[in-house]
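The residues making up each chain are set out below.
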Amino acid sequence: MGLQANNYDLGERIPDMDRIFDDIMSGGRNIGTWAPQELDRLVKENKPALVDIETYKSWFKELNPEFQQAVIKKWGSPDSSRIMVWKDEHQESYFVLPKISYGKLHLMPQPARGWEENEEAMFHDVNLPPHHQYIAFYLYQKHQLKTNALIHLGTHGTLEWLSGREAGADSRDASDALIGGMVNINPYIMDNVGEGTQAKRRGMAVIIDHLTPSFQESGLRPELKKLAGLINDYNLAKEKSPATSSAYLKEINQSLVKNNLNRDLNLDGELKEDNIQKLEHYLQEINEKQVPMGMHTFGVSPDTTRATLTATAMVNRLKEIDESEREKLIEEYKGRILASGAAEMQGLLDALEGKFIRPATGNDPLRNPDALPTGKNFYGFDPSRMPSQGIYAEGEKLAEELISNYLQKHNGQFPDKVAFNLWSVETLRHEGIMESQILNLLGVKPKYDGFGKVRGIQLISREELGRPRVDVVVTPSGLYRDMFPQFMQLMDQAINLVYRSTEEDNSIRIHVDKAIQELNNEGLKDSNLIKRLAMVRLFSSESGSYGLGVDDAVQATDKWEGGKEIADVYFNRASHLYGQGFWGEGKQAIEEATGKDLAISLFKKALSGTKAVVHSRSTNVYGALDNDDLFQYLGGMTLAIKQIDGTEPDIMISNLTDPGNMKQESLDKFIGRELNSRYYNPEWIKKMLDEGYAGARMIGQVADNMWGWQATTDHAIRSEDWEEWNNVYVNDKYGLDIKEKFLESGNLYAYQQMLARMMEVIRKDKWTPDQKTMSGLMDVYLETVEETGLTCSDQVCGNEKLVDFMKKTASTDLQKNALENLQQALGKIHNSSSNATNPVQKAMNQNRPDARQKDISSKIGQKDFSEIAQNAIRNKSIQKAPKISLKGYRMKEEKLISLKSDSKYIHHKNLAVLILFLGIIGIGILFRAWSNN
């Protein structure tokens, strides 16, 4: 235990993993406004930090007046606050800050950002200052705890994404106002240099990077192994017996349908003989796909076997080496991996002592072996050299492939408009391949000076290009806007240059002239302004804001009914203009300049007619379903275009995961491969469930992200995918004891949340299983409530529509009675006053003999489910194995450590540290990392 070994003050009794787990689950969580009784329980039983409103107001008044004004304008005065506010018996109000303390080590969850607590903000605001409890959290560290060092544990927190300027922040900007002069240490996954750089620039953080999960070849799950065998039998039979080979071909097609592979192969009908090789190659791709297995333990190197597998995967990317060199490199890379654990922990300890942390490059280890060993303060590259001539050549190939694939798929129709998403985290890995595609589609190329730096662009003639130019619309993320403004300026120059090219099939000129005419028809008079507005091709969030909000809106399923509401969130957030003299102007600024509300309509005009939307994936760690950012950007754009044009564009992934085999492919195929190599793969599932709490949580989040794609696109996720998900994770087709593993991990709540998500997909008419499947889901859901309590997430505890739906579709009287009692209990939870007495005094018996029965029909209705639900909300009935590894942190739930000291010297062993933790962690024991983009 790193802190203990270095004599930090952890109190009289050094906590073990079980104790930390129980303490965090009971008293280390933020509570939604929909569960005031649980907040009351937390205050009375777990002794969180309480900051009275008057004290907070005195702290708040010391902040910059401009920042105060922005907060009050959105959230009102501190006295009107609702988020994490508790009243005592005298009706005195306090901000509640959950805190678990061991000596001078404090574990505290970073407050919720607030979007989910304010429906108007979620659907309509483009920017959101932190709310009062969020501010109280940081001011408490400064004024009350006198914190020496903060560890924002997890990739990533929310501090660096708060409202304010893109760069050069001061006390007027939220992140600077709150972090003040406190030391900010951020353990960060090595693959995510882009967002880590944001933490450094806007959160004044020092990075301690850590390993990714270990890699190994996926292999084929049982059904696909059988299919591979059928193909082999077919190949043997086709030369000997046409009748036999025909029978095998029929079986192959049945297997394709059963395993939903037709979508991945883009087959409209049956697989024909001449496509067998295509299927073989696809199965080989899945079999050889390098997949991250399990999670990484911060400060602990993987074992030799896993290190060797990862090192082998790294070396296999090198094509032109002999066997002796290959073995030598495997040993070298394995050594770097094995050295990383100790380096990570030492880096953290060195940062706490104020020592220098060695800078070095980061990146996915399969792409950049030089990023090993970890434990460093990573950095990116010089953006003035992007793209290099070699990178531009690779982007040119992908641009031509994109056009060629579209022509083939659409019977020769040319894709005259394509829309791209750009992320800095991706660009920092691929170093400008997506940007090169964009420039080449426009028909321009970079100009370089004698030092290899980009010094402008030049037009490629129509004759040399050999095809029409493609109009390109780009939506950079807020972080990309901050980190690569020079490329945005370069692209803007390219639009100007291309517009002046007079060939008849110049789509940019055609589309801009059409937009100019439409703006003239709307009564605008300033011809220069009209042209500038019509030529804008870069749209993003407001300057100083981040994210599109689509992820939060999509998951708030009880707040919307159709796609229009989600598309409106996308339009509202992403419709700020960049280029042509604009930099983040939105609705208000454009209306002031034109006298008309045009910002969103300009964005819609630019997107209208888009034939394909494109995003890149250059990481071997992350896919399309293990994070919510990809669906909110690529899915959000797709949904927006469908709302404009009535049809969905092609959805493409530039697959850059292997620099030696980069290609364009459909989102359908990309997701299909990911499902088969990871989430339906019993080997991946076993490795993830072995990770305990965090692994269980990860699986549950995949289901949430499947829903995100289904809510924003037509075909990325289909009913067949939910059927297979149900077979694998609910029916347990591979016999992995999945539900038991969730229970033993102490996180049956993640399983319950996943079941609730699946039933919500049914409620939203995106999946129509038979009655037997629906009844089975409901049985297992109610069983989890009885076994371990009710997770009071917004999806479960805050979604009355789902409970109503379940009541209407319940197939037995036992289910209906249980749901009626459950609904009554939820009503008490939602409506109780914050200082109400919990009406349920009797705790659930955690060790009932029938607690693990699969068939709950004999149990439902035997107990008062209002009692069960009320007890469940207390989260006191967590069952877990005798030995629980404290594992995991996830994006958007950071937690913090505070080491407090009377000493002035950072190296003193009584240092006070506050750790903002993400998920469940063991400080100095095990940190588990599966982070988002």
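As the structure is a prediction and not an experimental result, all values here were calculated from the model.

**Here we look at the overall build of the chain**
Here is step 1 of the chain: Assigned secondary structure in the chain consists of 38 helices and 26 strands.
Here is step 2 of the chain: Taking all 933 residues of the chain together, 62% fall into the buried category.
Here is step 3 of the chain: Taking contacts inside the chain between residues at least 6 apart in sequence as the whole, the part at least 24 apart equals 77%.
Here is step 4 of the chain: Carbon and sulfur atoms make up 46% of the accessible area of the chain, which amounts to about 34,000 Å² in all.

**Structural notes on helix α3 (residues 36-46)**
Here is step 1 of the chain: Burial runs high along α3: nine of the eleven residues are buried.
Here is step 2 of the chain: Taken together, the buried positions of α3 are occupied by P36, Q37, E38, L39, D40, R41, L42, V43 and N46.

**Quick notes on the environment of M483**
Here is step 1 of the chain: Mapped onto the elements, M483 comes out in helix α20 (residues 478-483).
Here is step 2 of the chain: As a C-alpha pair, M483 and T427 span 56 residues in sequence and 10.0 Å in three-dimensional space.
Here is step 3 of the chain: Once residues within four sequence positions are removed from consideration, M483 is found in contact with G194, T197, R201, S424 and L428.

**A few points about the nonpolar core**
Here is step 1 of the chain: By size, the foremost hydrophobic cluster in this structure holds 161 residues, and its most contacted members are W709 and W725.
Here is step 2 of the chain: Beyond its immediate chain neighbours, meaning those up to four positions away, W725 contacts Y679, Y680, I699, V702, A703, M706, V730, M754 and M758.
Here is step 3 of the chain: Formed by 41 residues, the second largest nonpolar core is a distinct cluster that contains W34, V96, M108 and Y138.

**Here we look at the pattern of salt bridges**
Here is step 1 of the chain: Counted by the stated rule, this structure contains 60 salt bridges.
Here is step 2 of the chain: Between D23 and R19 there is a salt bridge, with the nearest N and O atoms lying 3.6 Å from each other. With D23 and R19 both in helix α2 (residues 17-27) and four residues apart, the pair spans about one turn of that helix.
Here is step 3 of the chain: With its nearest N and O atoms 3.5 Å apart, the salt bridge here joins D650 to K409.

**Some words on the environment of T55**
Here is step 1 of the chain: Take T55: it is sitting in helix α4 (residues 53-60).
Here is step 2 of the chain: Residues T55 and Y140, spaced 85 residues apart in sequence, show a C-alpha to C-alpha distance of 9.9 Å.
Here is step 3 of the chain: Polar side-chain contacts of T55 include one of 2.7 Å to the side chain of D52.

**Considerations on the side chain of S540**
Here is step 1 of the chain: Among the secondary structure elements, S540 is positioned in strand β18 (residues 538-540).
Here is step 2 of the chain: One polar contact links the side chain of S540 to the main-chain carbonyl oxygen of P476, over a distance of 2.6 Å.
Here is step 3 of the chain: Setting aside anything within four residues of it in sequence, one finds S540 in contact with P476, S477, G478, R481, R573, A574, S575, H576 and Y578.

**Overview of the pairing of strand β3 (residues 93-97)**
Here is step 1 of the chain: Among the five residues of β3, four are classified as buried, and the element is accordingly described as predominantly covered.
Here is step 2 of the chain: As judged from the four bridges shared by strand β1 (residues 49-52) and β3, these two strands associate in the antiparallel manner. Bridge assignment links A49 to a residue of β3, and that residue is L97.
Here is step 3 of the chain: Judged from the three bridges that link them, strand β2 (residues 85-87) and β3 form a sheet pairing that is antiparallel. Within β3, the position partnered with K87 by the bridge is S93.
Here is step 4 of the chain: In sequence, β2 turns back onto β3 through a hairpin of five residues, with Q91 there showing a positive phi of about 65 degrees.

**Some details on unusual backbone geometry**
Both trends apply: most residues other than glycine have a negative phi, and most peptide bonds are in trans.
Here is step 1 of the chain: Each neighbour pair has its own omega, and for L372 with P373 the value is -5 degrees, a cis peptide bond.
Here is step 2 of the chain: Residue P387 is bonded to the preceding M386 through a cis peptide linkage, with omega at -5 degrees.
Here is step 3 of the chain: Following the sequence through the fold, P387 ends up in the loop between β13 (377-379) and α16 (389-409).
Here is step 4 of the chain: Although it is not a glycine, Q580 adopts a positive phi angle of roughly 55 degrees.
Here is step 5 of the chain: Assignment of secondary structure puts Q580 in the loop between β19 (576-579) and β20 (582-585).
Here is step 6 of the chain: Positive phi, close to 60 degrees, is recorded for D765, a residue that is not glycine.
Here is step 7 of the chain: One can find D765 in the loop between α34 (748-763) and α35 (771-788).
Here is step 8 of the chain: The class of D765 is exposed, set by a relative accessible area of 63%.

**Topic: the sheet that holds β2**
Here is step 1 of the chain: Overall, antiparallel pairing links the three strands, which are arranged β1-β3-β2 in an open sheet. One side of each edge strand has no neighbouring strand; the edge strands of this open sheet are β1 and β2. The sheet shows a mean angle of 40 degrees between the axes of neighbouring strands, taken without regard to direction.
Here is step 2 of the chain: Contacting β1, β2 and β3, α3 runs over the sheet at an angle of about 70 degrees to β2.
Here is step 3 of the chain: Along the sheet face, α4 touches β1 and β3 and points at about 75 degrees away from the line of β1.

**Remarks on the environment of G708**
Here is step 1 of the chain: Structurally, the position occupied by G708 is in helix α31 (residues 693-712).
Here is step 2 of the chain: Judged by relative accessible area, which is 0%, G708 ranks as buried.
Here is step 3 of the chain: The spatial distance from the C-alpha of G708 to the C-alpha of A553 is 9.7 Å, given a sequence separation of 155 residues.
Here is step 4 of the chain: Look past the residues within four positions of G708 in its chain and what remains in contact with it is V554 and F631.

**Re helix α21 (residues 485-499)**
For the α-helix, the turn length of 3.6 residues means that residues three or four positions removed from each other point alike.
Here is step 1 of the chain: The end-to-end C-alpha separation of α21 is 21 Å, in line with the 21 Å expected for 15 residues at 1.5 Å each.
Here is step 2 of the chain: Within α21, the full set of buried residues consists of F487, M488, L490, M491, D492, A494, I495, L497, V498 and Y499.

**Side note on the pairing of strand β5 (residues 105-109)**
Across a regular strand the side chains alternate sides, sitting on one face of the sheet and then on the other.
Here is step 1 of the chain: Taken across its five residues, β5 has five buried, putting it largely inside the fold.
Here is step 2 of the chain: Examined bridge by bridge, strand β4 (residues 100-102) and β5 share three bridges and lie antiparallel to one another. Note that in β5 the partner of S101 across the bridge is H106.

**Observations concerning the confidence of the model for the chain**
Here is step 1 of the chain: Overall, the predicted model of the chain reaches an average pLDDT of 85, with 86% of residues at or above 70.
Here is step 2 of the chain: Throughout residues 833-910 the model reports pLDDT below 50, and contacts reaching past four residues in sequence, or to other chains, amount to 284 contacts.
Here is step 3 of the chain: When the criterion is pLDDT under 50, residues 918-933 qualifies, and its contacts beyond four places in sequence or with other chains add up to 109 contacts.

**A few points about the packing of α34 against α35**
Here is step 1 of the chain: Taken N-terminus to C-terminus, the directions of α34 and α35 make an angle of 150 degrees; their axes are 10 Å apart at the nearest point. If you check the angle between α34 and α35, you find them roughly antiparallel. Crossing geometry of α34 relative to α35 is assigned as left-handed. For the pair α34 and α35, the contacting residues are L748, Y749, Y751, Q752, L755, A756, M758, M759 and I762 in the first and M774, L777, M778, V780, Y781, T784, V785, E787 and T788 in the second.
Here is step 2 of the chain: Residue composition of the contact of α34 with α35, by class: 14 nonpolar, three polar and one charged.

**Side note on the packing of aromatic side chains**
Here is step 1 of the chain: Tallied over the full model, the rule gives 22 aromatic pairs.
Here is step 2 of the chain: With centroids separated by 6.1 Å and ring planes inclined at 15 degrees, the aromatic side chains of W560 and W707 adopt a geometry described as stacked. Here W560 is found in the loop between α24 (550-555) and α25 (563-574), whereas its partner W707 is found in helix α31, with 147 residues between them in sequence. An identical accessibility class is assigned to W560 and W707; each is buried.
Here is step 3 of the chain: Aromatic rings pair up to connect F539, Y570, F571 and F603 into one cluster.
Here is step 4 of the chain: Against the face of Y499 rests R509, its NZ or CZ located 4.9 Å from the ring centre.
Here is step 5 of the chain: Note that K764 overlies the ring of W560, its terminal NZ or CZ placed 4.0 Å from the centroid.

The rules behind these values
- Residues numbered from 1 in each chain as written.
- Predicted model: local features only at pLDDT ≥ 70, side-chain atom pairs only at ≥ 80, totals over all residues.
- Heavy atoms only, no water.
- Helix = DSSP H or I, 4+ residues; strand = E, 2+ residues; numbered from the N terminus.
- Buried < 20%, exposed > 50% of the residue type's maximum accessible area, 1.4 Å probe, protein only.
- Contact = heavy atoms within 4.5 Å.
- Areas by Shrake-Rupley, 256 points an atom, 1.4 Å probe, with all protein chains shown as cover.
- Core = buried A, V, L, I, M, F, W, Y, C linked by side-chain atoms within 4.5 Å.
- Salt bridge = Lys/Arg side-chain N within 4 Å of Asp/Glu carboxyl O.
- Polar contact = N/O pair within 3.5 Å; in protein donor to acceptor, adjacent residues only side chain to side chain.
- Pairing = 2+ DSSP bridges.
- Axes fitted to C-alpha atoms, helices over the stretch in contact; angles between N-to-C directions.
- Expected span 1.5 Å × (residues − 1).
- pLDDT = per-residue confidence, 0-100.
- Parallel < 35°, antiparallel > 145°, perpendicular 65-115°, else oblique.
- Left-handed = near helix turned anticlockwise from the far one by under 90°.
- Nonpolar A, V, L, I, M, F, W, Y, C, P; charged D, E, K, R; others polar.
- Phe/Tyr/Trp six-rings, centres within 6.5 Å; stacked < 30°, edge-to-face > 60°.
- Lys NZ or Arg CZ within 6 Å of the ring centre and 35° of its normal.

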